[in-house]
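Reading the structure
Here are the chains, one letter per residue:
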Amino acid sequence: MEEEKEKLSMAILSGDMDKIMGALIMATGAVAFDMEVTMFFTFWGLRAIQKKKHTGESFFGKMLSLLNPGGIDNLDPSKYAFGGLGRWMFKKMMKKHNVTPLHELLQNAIDMGVNIVPCQMSMDVMEIKKEDLIDGIGEPVGVGTFIAEASESQVTLFV
Amino acid sequence: MTEEELKNLKADKVIDARGTSCPGPLLAAKKSIAAVPVGGVLEVLSSDPGTNRDIPLWAKKMKYEHLGILEEPGYWRIFVKKTK
């Protein structure tokens, strides 16, 4: 009988470029270590797994998305965002140092079988629909799913 | 293994991950070891110095055997035996 795999559960609340980058590297690294990985994306984290740049239905929802657009290549770093300049600079520096771009890290994670699940409640609050999110991810879930996974995990991380 | 033994070792698969940073070489190793038969050897070419610490730890965790590292100009050759 095959032994049960070790698990890593991650709660991703941040939508900052640098934090998402770290999270994706740890997630794929864990798969290399033969672990089963679940990434639970909530609140700002949802921005990282949007395929649509702009979301929202109400005035506030649309405004929120204008100020904080989605898509992994549109995320700003947690420091020195400077209205997009920081993002541009980091992308240039990452390229210079042969670091895999973020959209490729995310695709790698999906291809390697990382289980990506969005939080239903945050989707409701931020007016993000399932169709606004990228393909290859799981159905929206609640906190129970995360806690159930986390309670069986050897490693849990909050980003 | 000694340096001399490593130099004479013929790997069953060589994966060139030079020019990629963390986690590139580790993911490349994970991906390509699937094609190595049990008892065979995987050789990872990496220009990322951090990988020299990462892959031995990975090999230990996966219960593979880390055979050693050869330094070449500008890169390293890391040898892992797929023991199971």
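For the structure, see preceding data.
All figures in this text were calculated on a predicted structure; none of them were measured in a lab. (Residues numbered from 1 in each chain as written. Chains lettered and ligands numbered in written order. Predicted model: local features only at pLDDT ≥ 70, side-chain atom pairs only at ≥ 80, totals over all residues. Heavy atoms only, no water.)

Moving on, we come to the pairing of strand β2 (residues 36–41) of chain A. Successive side chains on a regular strand alternate, one facing one side of the sheet and the next facing the other. All names here are of chain A. Taking burial as the measure, the six residues of β2 include five buried ones, the bulk of the element. Pairing geometry for strand β1 (residues 7–12) and β2, over six bridges, is parallel. Residue pairing across strands places leucine 8 opposite valine 37, the latter belonging to β2. Inspection of the sheet shows β2 paired to strand β3 (residues 115–118) by four bridges, in the parallel sense. (Buried < 20%, exposed > 50% of the residue type's maximum accessible area, 1.4 Å probe, protein only. Helix = DSSP H or I, 4+ residues; strand = E, 2+ residues; numbered from the N terminus. Pairing = 2+ DSSP bridges.)

Our focus in this paragraph is the sheet that holds β2 of chain A. All names here are of chain A. Spatially, the four strands line up as an open sheet ordered β3-β2-β1-β4, and their pairing is parallel. Strands at the two margins of the open sheet, each flanked by one partner only, are β3 and β4 (155–158). Across the sheet, the axes of successive neighbouring strands diverge by a mean angle of 15°, strand direction being ignored. Docked against the sheet, helix α6 (residues 143–151) engages β1, β2 and β4, running at close to 145° with respect to β1. (Axes fitted to C-alpha atoms, helices over the stretch in contact; angles between N-to-C directions. Contact = heavy atoms within 4.5 Å.)

Here we come to the pattern of salt bridges. Note that side chains of opposite charge can pair when their charged atoms are close. All names here are of chain A. Considering all chains together, one arrives at 16 salt bridges over all chains under this definition. Its salt-bridge partner being lysine 7, residue glutamate 36 comes within 4.0 Å of it at the nearest N-O pair. Residue glutamate 36 is located in strand β2, and its partner lysine 7 is located in strand β1; the two are separated by 29 residues in the primary sequence. With relative accessibility at 42%, the residue glutamate 36 sits in the partly exposed group. Salt-bridge contacts for lysine 129 lead to glutamate 57; the nearest nitrogen and oxygen are separated by 3.7 Å. Taken together, the residues lysine 129 in the loop between α5 (120–126) and α6 and glutamate 57 in the loop between β2 and α2 (59–67) connect sequence positions 72 residues apart. On the basis of relative accessible area, glutamate 57 is assigned to the exposed category, the value being 51%. If you follow the salt bridges from partner to partner, you end up with Lys7, Glu36, Glu149 and Glu152 in one network. (Salt bridge = Lys/Arg side-chain N within 4 Å of Asp/Glu carboxyl O.)

In this section: the sheet that holds strand β1 (residues 13–16) of chain B. All names here are of chain B. Sheet architecture is open: four strands sit in the order β1-β2-β4-β3, paired in mixed fashion. Each having just a single partner strand, β1 and β3 (65–72) make up the two edges of the open sheet. Recorded for the sheet is a direction-independent mean angle of 20° between the axes of neighbouring strands. The pairing of β3 with strand β4 (residues 75–81) spans seven bridges and is classified as antiparallel. Residue pairing for β4: glycine 68 is matched across the bridge by phenylalanine 79. Strand contacts of helix α3 (residues 51–61): β2 (41–46), β3 and β4, with the helix running at about 5° to β4, the strand carrying the most contacts.

Given 3.6 residues per turn, any residue in an α-helix points the same way as the ones three and four places further on. Residues and elements named next belong to chain A. Relative to the 22 Å expected for 16 residues at 1.5 Å per residue, helix α1 (residues 17–32) spans 23 Å between its end C-alpha atoms, a close match to the ideal helical length. Within α1, 12 of the 16 residues are buried, leaving the element largely enclosed by the surrounding structure. Taken together, the buried positions of α1 are occupied by Met17, Ile20, Met21, Ala23, Leu24, Ile25, Ala27, Thr28, Gly29, Ala30, Val31 and Ala32. A positive backbone phi angle near 70° is found at aspartate 34, which sits one or two residues after α1. (Expected span 1.5 Å × (residues − 1).)

Our focus in this paragraph is the interface of chain B and chain A. Each side of the interface is counted separately: chain B has 12 residues, and chain A has 14 residues. Buried area between chain B and chain A, both sides added, is near 1100 Å², and the carbon and sulfur share of it is 64%. Among the residues chain B hides against chain A, the three largest losses belong to Leu27, Lys30 and Lys61 of chain B. Together they make up 39% of the total. Applying the counting criterion to the chain B and chain A interface returns two salt bridges. The interface formed by chain B and chain A holds five residue pairs in polar contact (both at pLDDT 80 or more) in total. Residue assignment for the side of chain B that touches chain A shows that the elements contributing at least two residues are α2 (24–33) and α3 of chain B. Looking at the side of chain B that touches chain A residue by residue, the classes come out as seven nonpolar, three polar and two charged. (Buried area = accessible area lost by both parts, 1.4 Å probe. Polar contact = N/O pair within 3.5 Å; in protein donor to acceptor, adjacent residues only side chain to side chain. Nonpolar A, V, L, I, M, F, W, Y, C, P; charged D, E, K, R; others polar.)

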